[in-house]
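Notes for the structure review
Given next are the chains, with one letter for each unit.
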Amino acid sequence: MRFARVNTHNGLRTAVSHLGGWIPLSALDAFTGRQLPYRLSDLLDAARRQELAELLDQVTDVDLLDVRLEEAATVVDGGDIWGAGLNYLGHSQDLSTQQPASGPGSYLRPRGCLIDNGGQIELPAQSGRVTAEAELGLVVGQECKNVRGQEWRSVIAGVTAVLDMTAEDVIRENPRYIPWAKGFDTFCSVGPQVVTLDEFDDQALRSTRVSTVRNGEVIASAPVSDMKYDLAFLVEYFSAGRTLAPGTVICTGTPGAAVIEPGDTISSLVEGVGTLSHTVKG
């Protein structure tokens with residue numbers, strides 16, 4: 001199952017893929033006799049997704065929504081945005097530092113930095129060197145806390161792509177500035193869709209390749225299996241002692257970063273999941 005959020009002349013709408021098209025959730029109300037939740041974060045728990053799958057099997061005639069994933073709205077409409085730093089060897093080499101020994105670098109970023117797919121990235125005057133990083137994102141499906149690693153799939157609804165910007169010169173000066181360096185407007189893109197985990201067994205997910213691409217050139221690329229701390233570890237790590245709300249996204253680290261400058265086009269390609277692509281404002 002795949003979910004997307006799209007801006008229309010009637011406002012923001014959530015859609016689900018079905019039989020090669022996209023059905024707006026609002027069109028399904030007639031089949032249920034009640035109003036379904038329209039927020040994506042309210043649709044991600046296992047019971048709700050099962051209910052929706054059974055409902056889609058009954059749909060025979062419904063108007064499809066024109067969804068252009070290259071212009072899709074961010075899939076984040078609830079929860080927090082957590083990030084794992086230096087989880088790939090390549091990125092630690094970008095920063096000329098060692099990978100952490102006891103757990104990944106971590107940060108929490110504000111939702112105010114989010115942009116929709118295709119939106120322009122604005123370089124802040126406060127930084128002279130901004131980098132962009134492709135990542136796989138895990139999307140939490142239900143409220144959870146203290147999840148054991150072996151049970152990570154029970155709380156993660158699906159995966160998505162992430163493009164993460166950083167004022168790199170700032171964190172080189174002092175790593176404690178990471179949240180500030182990642183919180184500028186337009187510094188995070190998450191989407192263009194959520195792909196539920198039933199489309200990936202463990203081996204397929206480990207083989208999924210994540211690539212940072214600038215102006216058509218692959219700057220860095222690696223499979224998920226190259227992570228120092230795997231997906232199970234990350235879910236346990238970020239849920240330890242804290243409650244994660246539905247819709248929370250865990251950004252799992254980048255294989256490598258690309259320096260971006262005005263006029264560049266920068267993309268995050270996550271195999272089988274989606275592509276985010278943005279120009280840098282001149």
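First, a word on scope: everything that follows refers to the structure included in this document.

Calculation criteria
- Residues numbered from 1 in each chain as written.
- Predicted model: local features only at pLDDT ≥ 70, side-chain atom pairs only at ≥ 80, totals over all residues.
- Heavy atoms only, no water.
- Helix = DSSP H or I, 4+ residues; strand = E, 2+ residues; numbered from the N terminus.
- Buried < 20%, exposed > 50% of the residue type's maximum accessible area, 1.4 Å probe, protein only.
- Contact = heavy atoms within 4.5 Å.
- Pairing = 2+ DSSP bridges.
- Axes fitted to C-alpha atoms, helices over the stretch in contact; angles between N-to-C directions.

Once that is clear, we can look at the environment of K145. Note that K145 resides in the loop between β7 (130-140) and β8 (156-167). In this structure K145 comes out as partly exposed when scored by relative accessible area, which is 45%. The spacing of K145 and A4 is 141 residues in sequence and 26 Å in space, taken between C-alpha atoms. Other than its neighbours up to four places away in sequence, K145 contacts S239, G241, R242 and T243.

Turning our eyes to something else, we now look at the sheet that holds strand β15 (residues 274-279). Sheet architecture is open: four strands sit in the order β11-β10-β14-β15, paired in antiparallel fashion. The open sheet has two edge strands, β11 (217-223) and β15, and neither has a second partner. Between one strand axis and the next, the sheet turns through 10 degrees on average, direction left out of account.

Cis geometry is found at the peptide bond from G191 to P192, where omega equals -5 degrees. Position of P192 among the secondary structure elements: in strand β9 (residues 188-196). Not every positive phi belongs to a glycine, and L19 is a case in point at roughly 50 degrees. Position of L19 relative to the elements: it lies in the loop between β2 (11-18) and β3 (21-24). Accessibility expressed as a relative area gives 77% for L19, which makes it exposed. In the Ramachandran plot, N146 falls in the positive-phi region, its phi being about 55 degrees despite a non-glycine side chain.

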